[in-house]
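# Coordinates in review
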Amino acid sequence: MPSQFLPRGIAARWFTGKHPESDWPSLARDALEAGLDAPALRRLASYEQTLHWDVAKYSEPALSEMGASKMSQRDGSDQEALQIILSHARDSVSPERRQTACAQSESSVHFYQNAGLRFHAITAGPKDGPVVVLLHGFPEFWYGWHRQIEPLVTAGLRVVVPDQRGYNLSSKPVGVAAYALTELVSDVLAIADQLGQDKIFLAGHDWGAAVAWSTALLHPQRIAKLAVLNVPHPAVMRKFLSTHPRQFFRSWYMFFFQLPWLPEALFSALNFRVGARALLHSSRPGTFSVEDLAQYRGAWSQPGALTGMINWYRALFRTGVKFQDQNVRVPTRILWGERDDFLLSEMAHESLHYCTSAELFTFASATHWLQHEEPERVSQILADFFRA
């Protein structure tokens, strides 16, 4: 074992191929301490977690630098051991992640502001391109849209994908009232303002779709076009909850989330087993990979995140919003996976009646996690809509 290269414990994990991605920054720091030094290696060592594209972006060159640095000074056995370590390191990066990280090589992390809160976002695409903001739902974060970023950028759009308040690396204000729909809408407008945009394209999934609907209803002058995935118009949701027992029982978790502390305790138990199983059991087989779940566990582990995320549901029941006009008066596309375990498909069709100009695209074999299961078609529909 090349002890002068890495501490034995870490090197042993690389030999067995069991070194987790979350250890990349610590591996880089250990390599620096062992005397290996290179720019990408230093960059990788500066990160505390793997929730930035830059970690995937800099891991490969850092590993290459680890292989090249001082290689000529090592004897044959050390070189062989080092090659094995690097081979395991590269194998640990999934092909999907390599492809996505490469596609996002021009993306960057930005922080937007609103009333003292900071919102972490991934931003990509031409700076002078039309702006589209993608809003994630529960229990996701910006990563929920990661397979749409590159196609939309290719279509010439400036893509902004924020962690909404309470999620991942964004601010997590204290108190249920901070998560009222009007506050969530104000975050979207603040991002548009800081981008210098009078109007934006807006797309949302799940809770992100609820925020998108509300933004278009409250501030139609700020939205050029609206796309929503698997969440109905607010009036339709209220109607079905009160008149359709099937929808009421499908929404049982919304009522459970009104309890204090217990939802957080259950969700986080056993390394977020409930959260991970909820994603796996409500989606098509193979939709969420082991790596995807690791990303979500990392986001859920952020201090205060679970309470912030669940406070969206608590605020929904305790703080109301009235829409003076129930009709959405901006061009709208509704995309809907018909095998949704949480929301009845009839609500998608009913939502068309509340839009002055809308189209419905249904996906017979898709579930609630539409953009994950049908990424190419969803991306194409959005790109065609926003660029038309």
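Before reading on, note that the structure itself is shown above.
A separate point is the packing of aromatic side chains. Counting across every chain of the model gives 29 aromatic pairs. Here F255 and F317 contribute two aromatic rings whose centre-to-centre distance is 5.2 Å and whose plane-to-plane angle is 85°, an arrangement assigned as edge-to-face. Here F317 lies in helix α15 (residues 305–318) and F255 lies in helix α12 (residues 252–256), a separation of 62 residues in the sequence. Assessed through its relative accessible area of 33%, F255 is described here as partly exposed. A relative accessible area of 38% places F317 in the partly exposed class.

Before going further, it helps to examine helix α13 (residues 262–281). Here α13 is 20 residues long, yet its end C-alpha atoms lie only 22 Å apart, well below the 28 Å a rise of 1.5 Å per residue gives. If you check which residues of α13 are buried, you get P263, E264, F267, F272, G275, A276 and L279. Lining the buried residues of α13 we find α12, α14 (290–300) and α15.

Once that is clear, we can look at the pairing of strand β6 (residues 223–229). The element β6 is extensively covered by neighbouring structure, given that six of its seven residues are classed as buried. Direction of pairing for strand β5 (residues 200–205) relative to β6: parallel, over a ladder of six bridges. If you follow G204 over to β6, its bridge partner there is V228. For β6 and strand β7 (residues 332–337), the ladder comprises four bridges, and the chain directions are parallel. The residue of β7 that forms the bridge with V228 is I334.

For the rest of this paragraph, the subject is the sheet that holds strand β8 (residues 358–363). If you trace the eight strands from one edge of the open sheet to the other, you get β1-β2-β4-β3-β5-β6-β7-β8, paired in mixed fashion. Taken across any chain shown, the strands that pair with only one partner, and hence form the sheet edges, are β1 (108–114) and β8. Mean inter-strand twist for the sheet, computed between neighbouring axes without regard to direction, equals 20°. Along the sheet, helix α7 (residues 146–154) contacts β2 (117–124), β3 (131–135) and β4 (158–162); its crossing angle with β4, the most-contacted strand, is approximately 160°. Strands in contact with helix α9 (residues 207–218) are β3, β5, β6 and β7; relative to β6, the strand with the most contacts, it is inclined by about 150°.

This brings us to the packing of α13 against α15. Running from amino to carboxyl end, α13 crosses α15 at an angle of 145°, the nearest separation of the two axes being 10 Å. Handedness of the crossing formed by α13 with α15: right-handed. Counting all contacts with α13, which are made through P263, E264, F267, S268 and F272, the residues of α15 involved are L306, T307, I310 and R314.

On to the nonpolar core, then. Most often, soluble globular proteins have nonpolar side chains that are buried together. One finds F138, L226 and F386 to be the most contacted residues of the largest nonpolar core, which totals 96 residues. Ranked by the residues each element gives to this core, the list is headed by α9, at eight residues. Not counting the four nearest positions on each side in its chain, L226 is found in contact with L202, A212, W213, A216, V328, V330, P331, T332, R333 and F385.

This brings us to a nonpolar patch on the surface. A surface patch of nonpolar side chains, amounting to about 470 Å² of accessible area, comprises F248, F249, F255, L316 and F317. Of all elements in the fold, only α11 (245–250) and α15 reach the threshold of two or more residues within the nonpolar patch.

With 14 residues, α15 extends 20 Å from end C-alpha to end C-alpha; this agrees with the ideal 20 Å at 1.5 Å per step. With ten of 14 residues buried, α15 is to be regarded as a mostly interior element. All buried positions along α15 are accounted for by A305, L306, G308, M309, I310, N311, W312, Y313, R314 and A315. Next to the buried residues of α15 lie α8 (181–194), α9, α12, α13 and α14.

Between α8 and α9, the least distance of the axes is 9 Å, while the angle of their chain directions is 80°. Between α8 and α9, the crossing angle belongs to the class labelled roughly perpendicular. Facing α8, whose interface residues are L181, L184, V185, V188 and L189, α9 presents W207, A210, V211, S214, T215 and L218. Counted by class, the contact of α8 with α9 contains nine nonpolar, two polar and no charged residues.

Take the pattern of salt bridges next. Considering all chains together, one arrives at nine salt bridges under this definition. We note a salt bridge from R222 to D193, for which the minimum N-O separation is 2.7 Å. Of this pair, R222 sits in the loop between α9 and β6 while D193 sits in helix α8, placing them 29 residues apart in sequence. Note on D193: relative accessible area 48%, which makes it partly exposed. Residue R333 is joined to E359 by a salt bridge in which the shortest nitrogen-to-oxygen separation is 2.9 Å.

Criteria and thresholds
Residues numbered from 1 in each chain as written. Predicted model: local features only at pLDDT ≥ 70, side-chain atom pairs only at ≥ 80, totals over all residues. Heavy atoms only, no water. Phe/Tyr/Trp six-rings, centres within 6.5 Å; stacked < 30°, edge-to-face > 60°. Helix = DSSP H or I, 4+ residues; strand = E, 2+ residues; numbered from the N terminus. Buried < 20%, exposed > 50% of the residue type's maximum accessible area, 1.4 Å probe, protein only. Expected span 1.5 Å × (residues − 1). Contact = heavy atoms within 4.5 Å. Pairing = 2+ DSSP bridges. Axes fitted to C-alpha atoms, helices over the stretch in contact; angles between N-to-C directions. Left-handed = near helix turned anticlockwise from the far one by under 90°. Core = buried A, V, L, I, M, F, W, Y, C linked by side-chain atoms within 4.5 Å. Patch = residues over 30% accessible without salt bridge, like charges linked within 9 Å, V, L, I, M, F, W, Y side chains within 5 Å. Areas by Shrake-Rupley, 256 points an atom, 1.4 Å probe, with all protein chains shown as cover. Salt bridge = Lys/Arg side-chain N within 4 Å of Asp/Glu carboxyl O. Parallel < 35°, antiparallel > 145°, perpendicular 65-115°, else oblique. Nonpolar A, V, L, I, M, F, W, Y, C, P; charged D, E, K, R; others polar.

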